[in-house]
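Listed below, chain by chain, are the residues.
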Amino acid sequence: MPPLIDYRLHHEGPIDPTLLSWIRSILDQFFGSGLIFVIILSLLILIVTFGIIFLGRRAKNQINENHSE
Amino acid sequence: MGSLFKKTSNIFYGWYIVFGLAFVTFLDMGARQSFGVFVHEWELEFSTSVSSISIAASIGLVVAGLAAPFYGALIDRFGSRVILLFGAALTGFGYLLLSMIPNVFFLAFVWGCIISLTAGGISITVVTVTIARWFDKFRGIAMSVLLSGAALGGLILVPFSSYLTDIVGWRFTVVGFVLLYGLVAIPIIWNLVQNSPASLGLVPDGIGNKDSEETVSRAMPPPLEVKKWRSALHSLPFWQLSMAYVVCGVSTSIISVHYVRWAISEGISSTQGALAFGVLAGVNGAVLLLVGWLSDRIERRVLLGTVYGIRAIGFLCLVILPPAWGLWTFAIVGGGSWLSSVPLTSSLTADIYGLKQVGTLTGLTNCAHALGGGACVWIAGTVFDATGSYDNVFLGVVIGLVVAMFIAWSVQEKRFSGRYQIADTELTGAAAN
């Protein structure tokens with residue numbers, strides 16, 4: 001197998017393993033083991049999800065109300 | 001609070017779909033790009049080689065590329081809502097299977113075949129076509145906002161996966177992806193995505209109403225609007241856009257794989273190379289939004305050709321400038337043109353061929369983009385292994401990009417795009433008055 005196919009494997013997109021380790025080294029300074037990072041990001045994902053759905057449903061209901069009027 | 005909710009009603013509903021799908025794409029791209037995080041874990045647990053794991057990744061790339069036109073055809077037939085829902089549900093199920101694989105053969109099957117195939121249902125092809133149906137005048141900026149989610153997904157979620165793997169292991173991290181699809185992607189799609197503005201009694205962009213003169217004129221079909229996708233194969237713009245897009249795939253794929261390695265081969269530290277790549281990704285996100293905004297105001301073919309031209313200059317800098325200068329010049333110049341071609345090409349396809357078959361046609365161009373890019377990544381690596389230099393590869397890409405620039409500029413947008421048929425209609429009307 002050509003060696004650069006192996007190299008390609010580590011990317012699967014634009015995230016280079018060296019870049020990842022660089023990002024990790026910066027984040028490590030703030031988050032240590034990463035548990036806090038994982039918890040914060042998980043909470044943010046849930047908040048954004050609820051926010052998008054809540055606002056979107058509200059807008060859709062208003063559109064339906066406007067049509068029914 | 002009351003005033004906040006009143007304000008939300010003034011926002012066109014299509015924007016909720018844009019932000020919702022941008023978030024879904026952010027999660028999906030992050031999950032897919034986390035593959036690299038697990039490689040070392042799989043090597044240890046399955047006592048296998050990186051080469052064996054590579055087979056799974058290679059199969060996945062080919063399957064995802066080939067599936068794009070079929071998903072496009074499915075959207076044209078059934079609408080994007082149901083395809084997105086099935087895509088998210090089946091991809092989540094695929095990740096559940098991945099969390100239980102016992103060896104590398106199952107990895108090749110589950111990742112290469114199941115996940116790569118089912119993820120096509122929430123791929124860039126499907127989400128861009130969904131947005132194309134909701135926007136006309138603001139199609140460019142809407143697609144750019146959508147794609148910014150893809151750009152951010154890897155940068156934020158891959159470190160997340162990396163940390164989670166350290167804490168709970170790769171299997172539970174993959175189960176975490178299942179939860180993302182089940183608790184985030186599916187609820188967002190279920191609650192927000194509608195196939196078209198008409199399903200809510202709206203019109204594209206939310207401007208005017210269904211019966212207004214403006215809406216009727218904006219609904220004028222482009223001259224090349226196709227009822228069967230094969231008809232587009234007999235027209236010049238399809239081949240112009242596709243050929244230029246193949247060069248786009250070649251250039252972006254080569255740089256995403258070889259950029260850091262080029263830096264190392266030129267004596268630049270891997271950390272500096274990776275940092276430059278990070279700058280490239282950041283510049284990309286900002287310029288992507290700018291190009292989207294501009295594309296709603298000037299001819300998209302002009303911007304598309306300019307994007308390819310700027311990218312050619314970036315590649316040329318890698319060859320002619322001292323390595324350290326070339327590295328940072330490309331990070332800024334190349335970053336400015338990185339993903340910008342995607343919303344422009346998708347928008348032009350919808351503008352020229354209308355919305356009836358836009359899914360299939362976008363899928364075909366994306367397929368060409370993926371397969372062309374994949375093949376040339378391999379060729380670039382082979383040339384580097386033979387010559388010990390990337391100069392010939394990058395010069396070849398420069399020539400290809402210059403050709404793509406002229407091809408993009410030669411698209412007769414004012415003649416074929418629905419956007420300019422509107423203007424003509426309005427001008428004719430104004431002249432008659």
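What counts, and at which threshold
- Residues numbered from 1 in each chain as written.
- Chains lettered and ligands numbered in written order.
- Predicted model: local features only at pLDDT ≥ 70, side-chain atom pairs only at ≥ 80, totals over all residues.
- Heavy atoms only, no water.
- Helix = DSSP H or I, 4+ residues; strand = E, 2+ residues; numbered from the N terminus.
- Buried < 20%, exposed > 50% of the residue type's maximum accessible area, 1.4 Å probe, protein only.
- Areas by Shrake-Rupley, 256 points an atom, 1.4 Å probe, with all protein chains shown as cover.
- Contact = heavy atoms within 4.5 Å.
- Polar contact = N/O pair within 3.5 Å; in protein donor to acceptor, adjacent residues only side chain to side chain.
- Axes fitted to C-alpha atoms, helices over the stretch in contact; angles between N-to-C directions.
- Parallel < 35°, antiparallel > 145°, perpendicular 65-115°, else oblique.
- Left-handed = near helix turned anticlockwise from the far one by under 90°.
- Nonpolar A, V, L, I, M, F, W, Y, C, P; charged D, E, K, R; others polar.
- Phe/Tyr/Trp six-rings, centres within 6.5 Å; stacked < 30°, edge-to-face > 60°.
- Lys NZ or Arg CZ within 6 Å of the ring centre and 35° of its normal.
- Salt bridge = Lys/Arg side-chain N within 4 Å of Asp/Glu carboxyl O.
- Core = buried A, V, L, I, M, F, W, Y, C linked by side-chain atoms within 4.5 Å.
- pLDDT = per-residue confidence, 0-100.
- Patch = residues over 30% accessible without salt bridge, like charges linked within 9 Å, V, L, I, M, F, W, Y side chains within 5 Å.

> Outline the overall build of chain A, listing residues and values.
Regarding its fold elements, chain A presents three helices and zero strands. Sequence-ordered secondary structure for chain A, helices as α and strands as β, is α-α-α. Counting the 69 residues in chain A, one finds 42% classified as buried. Of the roughly 3900 Å² of accessible surface on chain A, a fraction of 68% belongs to carbon and sulfur atoms.

> Describe the overall build of chain B, naming the residues involved and giving the relevant values.
Scanning chain B from N- to C-terminus turns up 20 helices and zero strands. Each of the 433 residues in chain B was classed as buried or not, and the buried ones make up 58%. Taking as baseline every contact in chain B between residues at least 6 positions apart, the subset at least 24 positions apart corresponds to 83%. Accessible surface, chain B: about 16500 Å² in total, of which carbon and sulfur atoms supply 70%.

> I'd like a description of the environment of Tyr353 of chain B, backed by residues and values.
All names here are of chain B. With respect to the element layout, Tyr353 can be found in helix H16 (residues 341–353). Each residue touching Tyr353, except ones within four places of it in the same chain, is listed here: Pro222, Leu224, Glu225, Val226, Ala232, Ser235, Pro237, Phe238 and Leu361. Here Ser235 takes part through its side chain, which lies 2.5 Å from a polar atom of the side chain of Tyr353. In terms of polar contacts, Tyr353 uses its side chain to reach the backbone amide nitrogen of Phe238, at 2.7 Å.

> Run through the packing of helix H2 (residues 13–33) of chain B against helix H8 (residues 139–168) of chain B, naming residues and quoting values.
All names here are of chain B. Two numbers describe how H2 lies on H8: the axes approach to 7 Å, and their chain directions differ by 30°. Taken together, the axis directions place H2 and H8 in an arrangement best described as roughly parallel. Note on packing geometry: the crossing formed by H2 with H8 is right-handed. Contacts from Trp15, Val18, Phe19, Leu21, Ala22, Thr25, Phe26, Leu27, Met29, Gly30, Ala31 and Gln33 of H2 reach H8 at Ile141, Ala142, Val145, Leu146, Gly149, Ala150, Leu152, Gly153, Gly154, Ile156, Leu157 and Val158. Partitioned by chemical class, the residues of the contact of H2 with H8 number 18 nonpolar, six polar and no charged.

> Account for the packing of aromatic side chains, with residues named and values stated.
Residues and elements named next belong to chain B. A full pass over the atoms with the stated rule returns 24 aromatic pairs over all chains. Ring plane angle 85° and centroid distance 5.8 Å describe the contact between Phe406 and Trp409, whose orientation is recorded as edge-to-face. Residue Phe406 and its partner Trp409 are both found in helix H18 (residues 391–409); the two are separated by three residues, about one turn of the helix. What makes Phe406 partly exposed here is its relative accessible area of 48%. Judged by relative accessible area, which is 32%, Trp409 ranks as partly exposed. Taken together, the aromatic side chains of Phe35, Phe38, Trp42, Phe46, Tyr95, Trp111, Trp170, Phe177 and Tyr181 make up a single cluster linked through ring pairs. Here the guanidinium or amino end of Arg81 rests over the ring plane of Trp190, the centre of that ring lying 5.0 Å away.

> Please set out the pattern of salt bridges residue by residue, giving values where relevant.
Counting across every chain of the model gives eight salt bridges over all chains. Through salt bridges with shared partners, a single ionic network connects Arg139, Asp296, Arg300 and Asp351 of chain B.

> An account of the nonpolar core is needed here, citing residue identities and associated values.
Residue and element names in this part refer to chain B. Tyr13, Leu21, Tyr95, Leu98, Leu107, Ile131 and Ile189 are the most contacted members of the largest nonpolar core, which totals 82 residues. Considering every element that reaches this core, the biggest residue donor is H2, with twelve residues. Sequence-distant contacts of Tyr95, defined by excluding residues within four places in its chain, comprise Ala31, Arg32, Trp111, Ile115, Val174, Phe177, Val178 and Tyr181. By size, the runner-up hydrophobic cluster in this structure holds 51 residues, among which are Ala232, Phe238, Leu288 and Leu327.

> Pulling in residues and values, what's your account of the confidence of the model for chain B?
Residues and elements named next belong to chain B. Mean pLDDT over chain B: 84, with 90% of residues reaching 70 or higher. Note that pLDDT drops below 50 for residues 1–8; the model gives that stretch seven contacts with residues more than four away or on any other chain. Contacts from residues 427–433, a stretch scored under 50 in pLDDT, to residues over four places away or in other chains number zero contacts. Across the interface, the model reports ipTM at 0.79; the global pTM reads 0.82.

> Explain the packing of H2 of chain B against helix H9 (residues 170–192) of chain B to me, and be specific about the residues and the numbers.
Residues and elements named next belong to chain B. Across the interface, H2 lies against H9 with an axial gap of 10 Å and an inter-helix angle of 165°. In terms of their interaxial angle, H2 and H9 are classed as roughly antiparallel. Judged by the twist between their axes, the crossing of H2 over H9 is left-handed. Touching Tyr13, Tyr16, Ile17, Gly20, Leu21, Phe23, Val24, Leu27, Asp28 and Ala31 of H2 are Phe177, Leu180, Tyr181, Val184, Ala185, Ile188, Ile189, Asn191 and Leu192, all from H9. Of the residues contributing to the contact of H2 with H9, the split by class is 16 nonpolar, two polar and one charged.

> Talk me through the confidence of the model for chain A; I want residue IDs and the actual numbers.
All names here are of chain A. Taken as a whole, chain A shows an average pLDDT of 74; of its residues, 70% reach a score of 70 or greater. Element-level pLDDT for chain A is lowest in helix H1 (residues 3–9), with a mean of 42, against a maximum mean of 91 in helix H3 (residues 35–68). Low pLDDT (under 50) marks residues 1–14, which in the prediction has 54 contacts with non-local residues, meaning those over four places away or in another chain.

> Describe in detail the side chain of Thr252 of chain B, supporting the description with residues and values.
Mapping Thr252 of chain B onto the fold places it in helix H12 (residues 236–265). Residue Thr252 of chain B is classed as buried on the basis of its relative accessible area of 11%.

> Can you explain a nonpolar patch on the surface? Please cite residues and give values.
Together, Leu35, Ile39, Leu43 and Ile47 of chain A together with Ile167, Val168 and Phe172 of chain B give the surface a local cluster of nonpolar side chains, amounting to about 650 Å² of exposed area. Those elements giving two or more residues to the nonpolar patch turn out to be H3 of chain A together with H8 of chain B. At four residues, the largest contribution of residues to the nonpolar patch is made by H3 of chain A. Along the chain, Phe172 of chain B turns up in helix H9. Exposure remark for Phe172 of chain B: the relative accessible area of 57% places this residue in the exposed category.

> Can you break down the environment of Thr118 of chain B residue by residue, with the values?
Residues and elements named next belong to chain B. By the element assignment, Thr118 lies in helix H6 (residues 104–118). Its relative accessible area of 11% is what places Thr118 among the buried residues. Note: C-alpha distance between Thr118 and Gly388 (270 residues apart in sequence) is 39 Å. A polar side-chain atom of Thr118 sits 3.3 Å from the main-chain carbonyl oxygen of Ile115.

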